Amino acid sequence: MSATVYVGLGSNEGDREAQLVSALEAMSRIDAVAVLHCSSLFESAPVGPPQPHYLNAVVALECSLPPQRMLCILKQIERDLGRHPGGPRWGPRPIDLDILLWEGEVVADPNLQVPHLELHKRRFALEPLAEIAPHAEHPVLGMTVMELLTQLAPQDVRRCEATQWPETLTPVNEVTE
């Protein structure tokens, strides 16, 4: 059985956009996964120690893998793209892939928390997520992504022009009249 999964992508080392494109291409090659939609790119101030700004996006995937298996694959993609485990918490990284929401799932284990524990606090994740899935519901808070975004204080996040990133803005769960 497949579900819609929303993955947040971020990079603040090297060619940030190329890193995001490489991660997207790697995700598109996963058996049992199909890329449905990509948000625009957003630049955001980092959380944590001083470091370069991040480039962020969110992709919607159709996935028939279990969440823990998908996490293992995403971590391998990060390693393949140059991320080294054990770096400083919230430190700079060439690529960061986070499962933000998993349709119909709440996962709470030591290695994976879905929905992402900080999602409702992070404009750099909510802005691109709201672009492609404004009506997706946070299963713990019982609010839509758009409702979460409107309650969030302003943060240093702005939409950017893409040169390589494929932007498809059709919302996944757009309300039709």
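Given the structure is predicted, the values throughout are model-derived calculations rather than measurements.

A. Focus on the state of the cysteines. A complete count under the given rule lists zero disulfides for this structure. Looking at cysteine 38, it has no disulfide partner, and the nearest cysteine sulfur is the one in cysteine 63, 15 Å off. Here cysteine 38 falls in the buried class, since its relative accessible area comes to 4%. Cysteine cysteine 72 shares no disulfide, and the gap to the nearest cysteine sulfur, in cysteine 63, comes to 12 Å.

B. Representation of the pattern of salt bridges in the model. In the structure shown here, the tally under the stated rule is nine salt bridges. Note that glutamate 78 and lysine 75 form a salt bridge whose closest N and O atoms lie 3.3 Å from each other. Residue glutamate 78 and its partner lysine 75 are both found in helix H2 (residues 67-80); the two are separated by three residues, about one turn of the helix. As a salt-bridge pair, arginine 83 and aspartate 96 come within 2.7 Å of each other at their nearest N and O atoms. Note that arginine 83 is positioned in the loop between H2 and strand E5 (96-102) and aspartate 96 in strand E5, a separation of 13 residues in sequence. Given a relative accessible area of 13%, aspartate 96 falls into the buried group. Among the charged side chains, a network of salt bridges with common partners joins Lys75, Glu78, Arg83, Arg93 and Asp96.

C. Main features of a nonpolar patch on the surface. Judged by side-chain polarity, Val106, Val140 and Leu141 come together as a nonpolar surface patch covering roughly 260 Å² of accessible area. Its location among the elements puts valine 140 in the loop between strand E8 (137-138) and strand E9 (143-144). Judged by relative accessible area, valine 140 falls into the exposed class, the value being 55%.

Basis of the calculations
- Residues numbered from 1 in each chain as written.
- Predicted model: local features only at pLDDT ≥ 70, side-chain atom pairs only at ≥ 80, totals over all residues.
- Heavy atoms only, no water.
- Disulfide = S-S within 2.5 Å.
- Buried < 20%, exposed > 50% of the residue type's maximum accessible area, 1.4 Å probe, protein only.
- Salt bridge = Lys/Arg side-chain N within 4 Å of Asp/Glu carboxyl O.
- Helix = DSSP H or I, 4+ residues; strand = E, 2+ residues; numbered from the N terminus.
- Patch = residues over 30% accessible without salt bridge, like charges linked within 9 Å, V, L, I, M, F, W, Y side chains within 5 Å.
- Areas by Shrake-Rupley, 256 points an atom, 1.4 Å probe, with all protein chains shown as cover.

In short, geometric facts, not functional conclusions.
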